[in-house]
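The primary structure of each chain is shown beneath.
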Amino acid sequence: MANLMVLAITFCFFLFYILTNTKLSICTGICRENEQQALENLKKEVFDPTNLPPSWIVGEDCCEGEGVMCHNLTRHVIELHIRNGLYVYLPRYDLRINNFDWLPSLSNLENLEMVDVDLSNVTNWLQVSTMLPSLVDLSLVNCSPHHIPPLLLHNFSSLETLNLSCNNFSSSIHKWIFNLPSLVSLGLSVSNLIGPFPEGPVNFTSLRSFRAGFNHFNCSLPRWLVDLNNLETLKLRYSGIEGAMPREVGNVTKLRILDLSYNNLNSTIPNWIYRCQDLVSLSLGESNIEGVVSNAISNLSSIIGIELFGNMLSGKLPGKLSKLQWLNLSGNLFKGEVFELFNSSSFLWVLKLRNNSLTGTLPESLGQLPMLEEFDISNNRLEGVVTESHFTKLTQLTDFYASNNNLTLKMLNLSHNQFVGEVPTISTPYNWLMLLGSNNFSGPLPLVSRNVFEIDLSNNSFSGGLSHFLCETNKNYKFKFLNLEGNDLSGEIPDCWMNWRKLIVLNLGDIKLIGDIPKSMELLKIDLAENEFVRQLPPWLGMKFSDFIILSLSANRFYGELPPEICYFKDLQILDLANNSFFGTIPRCISNLTAIVSGNKLGEAYIEYFDHYYDSSEGNLGERAMVTTKGNIYQYDKILASVTSMDMSNNNLSRDILLSFTSLVGLRFCNFSKNHLTGRIPNGIGNMKVLKSLDLSENQLSGQIPQSLSSLSTLSFLNLFYNNLSRKILVSTQFQSFNSSSFQGNDLCGPPLFANCNSGGQIPDVDTEKDESDCWILFNSKRRVNGKWWERNGGK
């Protein structure tokens, strides 16, 4: 009987636990009436309720609504998720909530998540949130909440996750945030936080993850932060950390990810980092770190990735790291022979050692790294011969950089000399790299063996047409890169590109071509600038060449409207249509240029042809692009993968700059000058956080300069002269640093112009329309590098 009593009691406790803790996303029955009413009130308060999930129907069970989760028995709403425009390739619309008066009725809410929802009118969001006694997760990402107010008292005793990333608070962090004993994860990245961290003590005993990169703290790393015993992830990249790291700290052995890159740490690597045996990723790049890397780095037995690039570190290369997969030590003062490293980890797939003082030969033990995909040892002091035996086991290797050493490589490189005369037919049984650019060769283009896979004949005096070179024989050429720019060639482009199936990059710029663009061309980059094409842009161009990364058609005589098919260039990074005769509007579908929208090819996301530009100082053949920005023409080669540019200047484009344009948040250089554009500059331009150069001069734009433009800290060139803009120029250090000529020819006043403002210096109200923004996606995105997906934490 006693055993039956114990069993009955145990069953009752088990049943009670199930009833109080079970959550199901698919519910039966009807949700609570007051909570149903709360969600219906929420829908009434939404600026554009059509953008809420269609399943939110008045009178229907709210538990069945998309983004709503109810307890399976009590029928209380316990989770609410509202995401607007989560996927950048889908149409995105405004979604604004005007108040949180409905929220207290959801008293059992445990998880409240809003992404890309405009909350700028909700001034009491924090006070109302504290009224939810069961709240565990609070996430308001890219929502523009009013600010983070101070709290003397709060009811966040159960809060475990707080994510306020991708906002624009323009304030310091209040100390109450650092006294949430149950908090496990805190996200404050890309939120324009300024000023120092609060002084200790703090109550952060449960914190495991702290992400607050891309802010402006302008203070040293607080000792209490690295003293947190349970801390596993600390990311403060680009956060304005200044001064030496604490030399000794408490028990930080649980730390797994440490990213303090792009700060001004001005110190050596402290010894406590070497004691973090669970550390998986260490990123201290471009942080003014000096001194010798201690042999104690071998204690990091779990380390997978190390990024110490762009510092002043010296000594020998670290070794004996058996799990290491990527290592970036470029731009330091390391010495010694490289063979010491090749006995380290057989899992290495990225190894970057460029710009050091490494010596010796390239050892054949390089073949002991069978997973190696990218190897950069350029700008060192290596010597000796590089042969095929170095690479026989490197079946995964796709990128190899060894320029500016004393190495002997087997290739044909005659470029940048003064050779003259005609070039005979070149035949070879091997896969050759042929560099003849920047000489004085003349005559017709030479016939080339199908075994040559890269050829540069640019900037010579070759003459005649292209047909005999491209169509002479019916062969399947292995060419991947063909550069014929800057010669005296002429005529039409022949339609025989079926022989060139492997061609990726074609440069036919500045050679006086006419006629049509053949449909048989299949490339990633085409440069037809400075020719004599007179025609409309063919609609099939975007569909046929949807994988284009660079399209340059500038300085021709193209005319007509831009076809919507131009928006099919999903991988396009550089679009140059300047100095033609296009007219009409900028296509609304421009937001479909997903490589520029998401920025997923920026930084270290290498593109397939990125090893194809010729550098006379380093002996490399590689790809380059000319970009007009800041009123000048610049050539980008080594950092081409980080360039995104759109140039439609000097055409006849008209009407408004559409709101969809501001969704191109990865765009760095934009030039729409010398057109007939009208209307206002969209306020959402402030979402284009990496914009460096903006030229809207010589148009017919009106209204005031949008307030959000002053938030673009990366903007180094702005030209708005000769428009119809009016009212006061924005007051910010950055705006007043621009030349006064940037604002002349308008009805503007205030510095840097001499015209005084009659409004007493008051800045008028600015429209606060919610533009398309994907800060959340940019911050949380992953990038594809050589076939693998990795978080965006790479270095140079």
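On a predicted model such as this, the values are computed, not experimentally measured, just so you know.

### Overview of the overall build of the protein
For the protein, the helix and strand inventory stands at ten helices and 50 strands. Burial status across the protein gives 54% buried among its 796 residues. Put simply, 52% of the contacts in the protein that link residues at least 6 apart link residues at least 24 apart. By element, 51% of the accessible surface of the protein is carried by carbon and sulfur atoms, the whole surface being about 33900 Å².

### With respect to the state of the cysteines
Counted by the stated rule, this structure contains five disulfides. Across the disulfide, C31 is cross-linked to C62 (sulfur-sulfur distance 2.1 Å). Of this pair, C31 sits in the loop between α1 (2–21) and α2 (33–45) while C62 sits in the loop between α2 and β1 (68–70); the two residues are 31 residues apart in sequence, bridging distant segments of the chain. Summarising the burial analysis for this pair, C31 and C62 share the class buried. The partner cysteine of C749 in its disulfide is C757, sulfur to sulfur 2.1 Å. The sign of the S-S torsion, about 110 degrees, decides the handedness of the disulfide formed by C749 and C757: right-handed. Residue class for C749 comes out buried when judged on its relative accessible area of 11%. Given a relative accessible area of 18%, C757 falls into the buried group. Its sulfur unpaired, C143 is 9.8 Å from the next cysteine sulfur, which belongs to C166.

### A few points about α2
Owing to its 3.6 residues per turn, the α-helix brings residues three or four apart onto one side. Between its first and last C-alpha atoms α2 spans 19 Å; for 13 residues at 1.5 Å apiece the expected length is 18 Å, and the two agree. Of the residues making up α2, those classed as buried are E35, Q36, A38, L39, E40 and L42. Contacts made by the buried residues of α2 are with β1 and β2 (77–83).

### A closer look at the sheet that holds strand β37 (residues 581–584)
The pairing of strands in a sheet comes from backbone hydrogen bonds and takes either a parallel or an antiparallel form. Spatial ordering of the open sheet is given by β35-β37-β41-β43, a layout of four strands whose pairing is parallel. Sheet topology places β35 (559–561) and β43 (676–678) at the edges, where each strand pairs with a single neighbour. The average angle at which neighbouring strand axes cross in this sheet is 15 degrees, direction not considered.

### Let's talk about the sheet that holds strand β45 (residues 702–703)
Strand order in the open sheet formed by three strands is β45-β47-β48, and the pairing between neighbours is parallel. A single partner strand is all that each edge strand has here, and the edge strands are β45 and β48 (747–749). Judged from the three bridges that link them, strand β47 (residues 724–728) and β48 form a sheet pairing that is parallel. What sits directly across from R727, in β48, is L748.

### Re the nonpolar core
Core analysis: the largest hydrophobic core is formed by 109 residues, its most contacted members being I97, M114, F210 and L236. Mapped onto this core, the elements with two or more residues apiece are α2, β1, β2, β3 (111–115), α3 (125–129), β4 (137–141), α4 (223–226) and α5 (271–274). Dropping the residues within four chain positions of it, L236 is found in contact with F197, F210, A212, G213, F217, L221, L225, I241, D259, L260, S261 and N263.

### Overview of unusual backbone geometry
Note that the residue after P751, namely P752, is joined by a cis bond; omega there is 10 degrees. Positioned with a positive phi, N355 is a non-glycine residue whose angle comes to about 60 degrees. By secondary structure assignment, the location of N355 is in the loop between β16 (350–352) and β17 (357–361). At N379, a position not held by glycine, the phi torsion is positive, near 60 degrees.

### As for the pattern of salt bridges
For the structure on display, the rule yields six salt bridges. Among the salt bridges present, the one from R83 reaches E113, with a minimum N-O distance of 2.9 Å. Of the two residues, R83 is situated in strand β2 and E113 in strand β3; the sequence distance between them amounts to 30 residues. Note on R83: relative accessible area 42%, which makes it partly exposed. According to the relative accessible area criterion, E113 is buried, its value standing at 12%. R354 is the partner of D376 in a salt bridge, and the nearest nitrogen-oxygen pair spans 3.1 Å. Linking D376 in strand β18 (residues 374–376) with R354 in the loop between β16 and β17, this pair joins segments that are 22 residues apart in sequence. The buried category is assigned to D376, whose relative accessible area is 8%.

### As for the packing of aromatic side chains
Tallied over the entire structure, the rule returns 16 aromatic pairs. Ring geometry for F156 against W176: centres 6.2 Å apart, planes inclined by 35 degrees, an arrangement best described as tilted. Here F156, found in the loop between β4 and β5 (161–163), pairs with W176, found in the loop between β5 and β6 (185–187); they are 20 residues apart in sequence, far enough to count as distant. Summarising the burial analysis for this pair, F156 and W176 share the class buried. For the pair F178 and W224, a centre-to-centre distance of 5.2 Å together with 70 degrees between the ring planes defines the contact as edge-to-face. Within this pair, whereas F178 is found in the loop between β5 and β6, its partner W224 is found in helix α4, the two being separated by 46 residues in sequence. Each member of the pair, F178 as well as W224, is classed as buried. Put simply, the rings of F178, F197, F204, F210, F217 and W224 touch in pairs and so form one group of aromatic residues.

### Structural notes on the pairing of strand β15 (residues 333–337)
For a regular strand, side-chain orientation follows a simple rule: the groups alternate between the two sheet faces. Across two bridges, strand β13 (residues 312–315) lies against β15 in parallel orientation. When the sheet's bridge partners are listed, S314 is paired in β15 with L333. The sheet contact formed by β15 and β17 spans three bridges and is parallel. For G336, the partnering residue across the bridge sits in β17 and is L358.

Rules of the game
- Going along each chain's sequence as written, the residues are numbered from 1 onward.
- Residue-level local features of this predicted model are given only where pLDDT is at least 70; pairs of side-chain atoms are given and counted only at 80 or more, and the full residue set underlies all totals for whole chains, interfaces and linings.
- Hydrogen atoms and water are omitted, and side-chain values are computed over all heavy atoms in the structure.
- Secondary structure is summarised from DSSP: a helix means a run of H or I of at least four residues, a strand means a run of E of at least two, and numbering begins at the N terminus for each.
- Using a 1.4 Å probe on the protein chains alone, a residue whose accessible area is under 20% of its type maximum counts as buried, one over 50% counts as exposed, and one in between counts as partly exposed.
- The contact rule is simple, with two residues in contact once any of their heavy atoms fall within 4.5 Å.
- A 1.4 Å probe and the Shrake-Rupley method give the accessible areas. Residues count as covered only by the protein chains that appear here.
- Disulfides are defined as pairs of cysteine sulfur atoms found within 2.5 Å of each other.
- Multiplying 1.5 Å by the helix residue count minus one yields the expected span of that helix.
- Strands were regarded as paired on the criterion that DSSP finds at least two bridges between them.
- All axes here are fitted lines through C-alpha atoms, helices being fitted over the stretch that makes contact, and every angle between N-to-C directions spans 0 to 180 degrees.
- Here, nonpolar core refers to any group of buried Ala, Val, Leu, Ile, Met, Phe, Trp, Tyr and Cys residues whose side-chain atoms link them within 4.5 Å.
- Here a salt bridge means any side-chain nitrogen of Lys or Arg lying within 4 Å of a carboxyl oxygen belonging to Asp or Glu.
- A pair of Phe, Tyr and Trp rings is counted when the ring centres sit within 6.5 Å of each other, with Trp represented by its six-membered ring. The angle between the planes then sorts it: under 30 degrees is stacked, over 60 is edge-to-face, the rest tilted.

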